[in-house]
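# Residue-level structure breakdown
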Amino acid sequence: MIYLDHAATTPVPREVADAMYAVLTERFGNPSSQYPLGLDMKKQVEAWRKTVADALGCGPKQLYFTSCGTEGDNWAIQAACWQNRHLGRHIVTTAVEHSAVLETCKWLERQGYEVTYLTPDGRGNITAEQVLAAVRPDTALVSVMMVNNELGNIYPIADIARGLAVKNPKTLLHTDAVQGFLKIPFTAGALGADFITISGHKVGGPKGVGALYIGPRVRNPRPLLAGGGQEGGLRSGTEATAQIAGFARAVELRTEGLADKLTHMADIKAYAAEQLTAIPDCQLISDGTAPHILAVSLAGWPSQNIVNDLGGRGICISAGSACHQGKPSHVVAALKLPKRVAGGVIRLSFGPETTRADIDACVRALREHHDTRMPML
Ligand code: PLP
């Protein structure tokens, strides 16, 4: 199998699975239990928290484990709106966020919030000026993702934070960094966002675990789950110890030689872009510079057919963040591309393990698809 869909999820290295297995079988104590099996696990969870917090550049007390990136996005948006409920009921976000952000915003619209959805230019770019121009005195929250998961565009979060401090210092800033964490260099402290969402399974960790950074400007954050008081009383529920162990081990492994891994992914991306655009009718569709995501279009050939054809040959790629029943995704739709181009958008995404031979196999299969199937768009 050739796996070129690392933005969807990543393989779990053996060391990560081993760390989880030990916690599931021998070290299975509940961190709230008062005998050594539990007390040791409590210490261990705090050590794992520090590992992830160090990689994010924040203090361990500012990091809360969640069940996934989706949960972090939901929690951050609701907590920000709660803190600023007296400031106003306006939110600024983009039309190209993950549905975890968009659906939470739509839910808030049904509660009476007004949401401004900023659209990118035709290459997927969103500028800090554009975001700041939409901010008003009653803007409770700005939520802009760090790296777009379908296009690989990087959005200027630090500039937005600096601009907000001038335009409306009370507005809180959330960034969904699920595709940015350990892919582009940043630290929570320098970024200036109040909430940062990350997820384990995009960096070699297991599915079912993520984390939310909550910064010092968030006073008495609104708890997500009430109950036994875990996660500083903000997100009750017995800690998913094996998942957290796996997340921390994955972070340790990823951060070893991270700069080389990122350079490798960027090289693979450049190589893939060069090879793919040599296929007739194939074009790059964004200015995305994240090292692991490449979006192209085989203009005229429906992306779902390409994904199915390559899938049948053991090559995993994606049609954006899934082409919903033949319609381009909301991200591709926001680019306002001609129909033939929009319908043919595919996403390749890379990990430290991806090789040039993987790209060569994918390019061969795409060429064959192009040469043997009729264009339909
Ligand atoms: N945000 C972005 C940008 C993503 O790419 C994803 C997953 O694809 C998520 C949020 C959701 O993360 P999770 O799968 O951990 O819920």
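Before reading on, note that the structure itself is shown above.
A brief look at the structure comes next.

Conventions adopted
- The residue numbering used here restarts from 1 in each chain and proceeds along that chain's sequence as written.
- Two thresholds apply to this predicted model, a pLDDT of at least 70 for residue-level local features and 80 or more for giving and counting side-chain atom pairs, whereas whole-chain, interface and lining totals are computed over all residues.
- The basis for the side-chain values is all heavy atoms of the structure; hydrogens and waters are excluded.
- Numbering of helices and strands runs from the N terminus, with a helix taken as a DSSP run of H or I at least four residues long and a strand as a DSSP run of E at least two residues long.
- For every element, the axis is a line fit to its C-alpha atoms; helices are fit only across the contacting stretch, and the angle between N-to-C directions ranges from 0 to 180 degrees.
- Here a crossing is taken to be left-handed if its near helix is turned anticlockwise relative to the far helix by less than a right angle, and right-handed if that turn runs clockwise.
- Any pair of residues with heavy atoms lying within 4.5 Å of one another is described as a contacting pair.
- All residues other than Ala, Val, Leu, Ile, Met, Phe, Trp, Tyr, Cys, Pro, Asp, Glu, Lys and Arg, Gly among them, are scored as polar; the first ten of these are nonpolar and the last four charged.
- When a carboxyl oxygen of Asp or Glu lies within 4 Å of a side-chain nitrogen of Lys or Arg, that pair is called a salt bridge.
- Here the term buried applies to any residue with accessible area under 20% of the maximum for its type, exposed to any over 50%, and partly exposed to those in between, with areas from a 1.4 Å probe on protein chains only.
- The criterion for an aromatic pair is that two Phe, Tyr or Trp rings (for Trp, the six-membered ring) have centres within 6.5 Å, with stacked assigned to planes under 30 degrees apart, edge-to-face to planes over 60 apart and tilted to the rest.
- A ring has a charge above it when a Lys NZ or an Arg CZ is no more than 6 Å from the ring centre and no more than 35 degrees off the ring normal.
- Strand pairing is assigned whenever DSSP detects at least two bridges linking the two strands.

## As for the environment of Glu274
The residue Glu274 is located in helix 9 (residues 258-276) in this model. In the structure, Glu274 is positioned 137 residues away from Pro137 in sequence and 46 Å away in space, judged by C-alpha atoms.

## Here's the deal with the packing of helix 3 (residues 69-83) against helix 4 (residues 99-110)
Where helix 3 contacts helix 4, the two axes come as close as 9 Å, and the packing angle between them is 35 degrees. Remark: the crossing between helix 3 and helix 4 carries right-handed chirality. Packed against helix 3, whose contacting residues are Thr70, Asp73, Asn74, Ile77, Gln78 and Cys81, the element helix 4 presents Ala100, Val101, Thr104 and Leu108 at the interface. Class assignment for the residues of the contact of helix 3 with helix 4 results in five nonpolar, four polar and one charged.

## Some remarks on the pattern of salt bridges
According to the stated counting rule, one finds 16 salt bridges in the structure shown. Across the pair Lys106 and Glu103 runs a salt bridge, and its minimum N-O distance is 3.3 Å. With a gap of three residues between them, Lys106 and Glu103 both fall in helix 4, about one helical turn apart. With relative accessibility at 35%, the residue Lys106 sits in the partly exposed group. Taking relative accessible area as the criterion, Glu103 reaches 44% and is therefore assigned partly exposed. Put simply, Arg136 and Glu114 hold a salt bridge, and the shortest N to O gap is 2.9 Å. Here Glu114 lies in strand 4 (residues 114-118) and Arg136 lies in the loop between helix 5 (128-133) and strand 5 (139-143), a separation of 22 residues in the sequence. Relative accessible area serves as the criterion here: at 27%, Arg136 is assigned to the partly exposed category. Three or more residues are tied together by salt bridges with common partners; here these are Lys42, Glu46, Arg49 and Glu231.

## Quick look at unusual backbone geometry
Positive phi, close to 65 degrees, is recorded for Leu182, a residue that is not glycine. When you line up the elements, Leu182 lands in the loop between strand 6 (172-176) and helix 7 (188-191). Residue Leu182 is classed as buried on the basis of its relative accessible area, which comes to 6%. The backbone of Asp281 sits at a positive phi, close to 70 degrees, despite the residue not being glycine.

## Some remarks on the packing of aromatic side chains
For the coordinates displayed, the defined rule picks out two aromatic pairs. Note on Tyr64 and Trp75: the rings are 5.9 Å apart at their centroids and 70 degrees apart in plane angle, and the pair reads as edge-to-face. With Tyr64 in strand 2 (residues 63-66) and Trp75 in helix 3, this pair connects stretches of sequence that are 11 residues apart. Its relative accessible area of 1% is what places Trp75 among the buried residues. Pairing Phe65 with Phe247 gives two aromatic rings, centres 6.4 Å apart and planes at 65 degrees, and the pair type is edge-to-face. With Phe65 in strand 2 and Phe247 in helix 8 (residues 241-255), this pair connects stretches of sequence that are 182 residues apart. One Lys or Arg, Arg85, reaches over the ring of Trp82 and ends 3.9 Å from the middle of that ring. Its end group placed over the ring of Trp82, Arg222 keeps NZ or CZ at 4.8 Å from the ring centre.

## Digging into the sheet that holds strand 12 (residues 345-349)
Reading across from one edge, 9-10-12 is the order of the three strands in this open sheet, with antiparallel pairing throughout. Each edge of the sheet is formed by a strand with only one pairing partner; in this case those strands are strand 9 (282-284) and strand 12. If you compare each strand with its neighbour and ignore which way they point, the axes differ by 35 degrees on average. Bridging between strand 10 (residues 293-298) and strand 12 involves five bridges; their strand directions are antiparallel. Considered in strand 12, the bridge of Ile293 is made with Ser349.

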